[in-house]
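Structure at a glance
Residues per chain, in single letters:
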Amino acid sequence: MSKLVIVESPAKAKTIRKYLGDGYEVMASMGHIRDLPASQLGIDVERDYNPQYINIKGKEKLIKELKSAAKQSEGVLLATDPDREGEAISWHLAHLLGLDVEAPDRVTFGEITKKGVTEGMAHPRSIDLDLVNAQQARRVLDRLVGYKLSPFLWRKVRRGLSAGRVQSVAVRLIVDRQKEIDAFVPEEYWNLDATLSAPGSAKKFTARLASTAEGEKIAVTDKEQADRILAALEGRDYRVSKITKGTRKKVPAPPFITSTLQQEASRRLGFTATRTMRAAQTLYEGVDIAGVGTTGLITYMRTDSLRLSDEAVAGAKAFISERWGDRYVNKAKRTYKSKNATAAQDAHEAIRPSNPALTPDEVEKSISGDTAKLYRLIWSRFTASQMADAIHDTMNVEVAAGDYLFKASGYTVAFDGFTALYEEATDEKEKKETALPPLEEGMTLKLKDLAAEQKFTQPPSLYTEATLIKALEENGIGRPSTYAPIITTIIDRGYVEREAKKLKPTLLGLTVNELMMDEFSNIVDVKFSAQMEKNLDKVEAGRAEWVKTVDDFYTAFDKTLKKAEQDLEGKKIKVPDEETDEVCELCGRKMVIKTGRYGKFLACPGFPECKNTRRLVQAAPGECPLCGSRILVRKSKKGRIYYGCEKNPACGFMSWDEPTDEKCPECGKTLFKHGGKSGELVCLAEGCGFRKPLKP
C-alpha cells in the first residue's frame, strides 16, 4: 500500500509525483470539491449562518475515485495550496473522505522543487481551523451580499446585474475618479525656459524660471505676466549664482508580492491581473526545463510578505558576484517591511525564483510566451533586490538674470548598481534628468533661446488595472488574490469598460453606483470595507469568532435592505441611453446603444413607433486606402482585432495594422501602424509604399 497525496491541479500533481517517487500516489482534486449550492442561498441564517455545502456538480466520478484511493491507501496527506483557499479545500476533502481534521495530515509547499517538497513532507500538521474559518466567513459574507442584493438590483434596475462586498467598492473608486475628471477645471500656467551654454562648450542645457532674485517663488498664470517677464529679461546677462553638488542613492524595489506583481506586469507587459495570475500559477506548479526536468520555477504567488529566506538571498548574491562582480553585491542585509501581511500570510516568502541561478535566458530555451515573460520579470526584480544601490552624482544650479532666478538640475551615473539589471516601471512618465556641462559659480552663460510656453493643469488619470489594484491595496479593500476576479467581474457585468487600457465607468455602472450610494452606503464605503477586511483578518489570526463577525455585519445589512425595499417600492430606475452620432435611416432620430443577451447593439430611441435596430460598429481613425470610406474595428473568430472597410465585402480592404490620424506625405492616404511600439508607419495605398519609423 502507498500513501495518497491530494493536490489541486494535475500539473502540480505531475511535478510532486516526480519528487516523491515510489510509495506515494498523487491525485488532483481539480480545485474545490464542495461549495455552496449555485441556485439557492445555501446558508441557514437562523442557525449560526451554517453553510449548506454540497458536492460540486460534475465531480461525482472524481469524488468516487478519491474515496476509493483513500480507502486503499495507508494514509492520506492533504497538499493543497498554502493559503486560506487551499486550507479550506483540505478541510472539505477531510470531511468528504472521513479524515480527522486534528490529525497531522496537512502538508504545504512554499515552492514545488525537490527541496520544497521534501521540507513540506517532513513537517505535516493539522488543518488550521482559523484559516478555514476566515475563508468560510468571507464566502458566507459574499454569498449573503450577492444573493440578497442582486435580486434587488434585478427588480429595481435590470435583470442579470450583481453587487458584491468588494466589487461594489471597486466600481465606486472608478466612478469617483470619473467624477473628479468631469468636475476638473483646468488652470492656465506658463513655463519660462532659458536655453543656455557655458563658455567654450557646445553643450546646451535648459534652466526654468523659479523665483525672484530674492527667492520669492513665481507662478506665471497668463500671457500678459509671461510677456512682462520676457521684456524685463531682454538684454540681461545670465550668471551662475550658486552650484550645489551632491550624491544620491537609488535603492532597488523590493521583491514582488501578489499585488505588486500584478501592477508591474500590467505596466511593463500589458498583462491583465487574470493573465498574470494564470502564468504565475503555471510557474509555481511546475514546467519542464531542459537539463532540470519538471520543476516549480517560483515560490507561491499569493503572498503579502516581503520576507526572503537566507538561502535564497545567499544564492542571489553568489550569482550577482559571478555575473557582475563583487561590487554589485549588496553587502549589508537588506530587509523589507511588509505593510499588510497577516501572521498567516507572512508564513510565505515574497515571490521569487525557486533557484536564483536558473536565469531567464536558460529557462527560455524550454518555455515561451506569458510564462517566460513573467519569469524574467520575477527573476530580475528579485535579483536586483540583492544588488548594490545605484549612485548618482547630482548638480543643482541657480542662474541669476536681472531680477529673476532660473534653476536647472542634472545628474551623472557614478555607479549603475542594480540598474544594470532592472528598474521599476512607473505609472506616470518621470522627468529624466541629464548631465549638465562643466559650470562654475560666477560664470557668465550664453543665452541661446528664451521661450514662454502656455500649459494647463491636467485632471487625474482614469484608473488602469495597475493603479486600481494599487488603490484597492492602499485602502485595504479585498485581498490581492481577489483583485483579478473583481476586475473581470465588474467588466463582465458591464459596470466598467476598458478604453485604451483605462477603466471607465459605463452609464450602467454610474446608475448602479448611485443607487448603492443612496441605499447601501456602507457597502460602497471605503473605510467601512477596510474595517471589514481587518475584522476578517482577526478571524484568520484566531482573535475573533467567525459567526459573530458575520452576524455583526448581516444584522445591520438586513435592516438596510428592508429599508431600501420600502424606499423604492413600486419604483424602477432607468439606465440612461448612450446617444450616438448614428442616424436612424427610418425616422431620422439619433440611435442609442442598448444591451441585449448577445451584447451591445444600436436601437432607435423612438421604440415602439420605430423598431429599427442595427449592429454596433466601432469606427477607427482614418479612411479606407482603397475607396475612402470609414474603417471599422473588427474581431476575428479567435478574438484578434483587425480593421476593415465599412463597405466590405464590396471593397475588400482588410488589415491587421492599426490605422492612425496621420496622412501619407506622398499620396495623402491614411498611414497604418505596423510592428508594435518599435515598428513603423506605413502607407497601404496601392503603388505608394511610403514608410517611416515610429516616433520614439
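Please read these numbers as outputs of a predicted model, since none were measured by experiment.

Quick notes on the rules
Residues numbered from 1 in each chain as written. Predicted model: local features only at pLDDT ≥ 70, side-chain atom pairs only at ≥ 80, totals over all residues. Heavy atoms only, no water. UniProt positions renumbered as here; feature names shortened; annotations may be inferred. Helix = DSSP H or I, 4+ residues; strand = E, 2+ residues; numbered from the N terminus. Buried < 20%, exposed > 50% of the residue type's maximum accessible area, 1.4 Å probe, protein only. Lys, Arg positive; Asp, Glu negative; His and termini not counted. Salt bridge = Lys/Arg side-chain N within 4 Å of Asp/Glu carboxyl O. Contact = heavy atoms within 4.5 Å. Axes fitted to C-alpha atoms, helices over the stretch in contact; angles between N-to-C directions. Parallel < 35°, antiparallel > 145°, perpendicular 65-115°, else oblique. Nonpolar A, V, L, I, M, F, W, Y, C, P; charged D, E, K, R; others polar. Expected span 1.5 Å × (residues − 1). Pairing = 2+ DSSP bridges.

Moving on, we get to the UniProt feature "domain: Toprim" (unreviewed entry) in the chain. Following the UniProt record, the feature "domain: Toprim" (unreviewed entry) maps to residues 2-112 here. Across residues 2-112 one finds 34% helix and 19% strand; the C-alpha atoms that close the span lie 21 Å apart.

This part takes up the side chain of D83. Following the sequence through the fold, D83 ends up in the loop between β7 (76-78) and α3 (84-97). The buried charged residue D83 lacks any salt bridge partner; its closest oppositely charged side chain belongs to R302, at an N-O distance of 4.5 Å. Apart from the residues within four sequence positions on either side, D83 is in contact with L131, Y300, R302 and H348.

With their axes 10 Å apart at the nearest point, helix α2 (residues 60-72) and α3 run at an angle of 70 degrees to one another. When the axis of α2 is compared with that of α3, the two are roughly perpendicular. Taking contact as the criterion, the partners of I63, L66, K67 and A70 in α2 are, on α3, L93, L96 and L97. Residue classes in the contact of α2 with α3 are distributed as six nonpolar, no polar and one charged.

All right, on to helix α9 (residues 273-285) then. Across its 13 residues, α9 extends 18 Å between first and last C-alpha, which sits within 8% of the 18 Å expected from 1.5 Å per residue. Within α9, the full set of buried residues consists of A273, T276, M277, A279, A280, Q281, L283, Y284 and E285. On its buried side, α9 packs onto α1 (10-20), α8 (258-269), α12 (369-384), α13 (465-474) and α14 (480-492). Note on α9: the residue one or two positions beyond its end, G286, has a positive phi of about 125 degrees.

Attention shifts here to the environment of V287. Relative to the assigned elements, V287 resides in strand β11 (residues 287-289). In sequence terms V287 and A530 are 243 residues apart; their C-alpha atoms lie 38 Å from each other. Excluding residues that lie within four positions of it along the chain, V287 makes contacts with T282, G293, T294, T295, L297 and I367.

This next bit is on the sheet that holds strand β16 (residues 463-464). Read across the open sheet, the three strands follow the order β16-β18-β17; overall the sheet is antiparallel. Of all strands in the sheet, those bounded by a partner on one side alone are β16 and β17 (496-499). Looking at chain direction, β16 and strand β18 (residues 502-505) are connected through two bridges and run antiparallel. In the strand pairing of β18, T464 is matched with K502. Sheet strands in contact with helix α6 (residues 167-183) are β16, β17 and β18, and its direction is about 85 degrees off that of β18.

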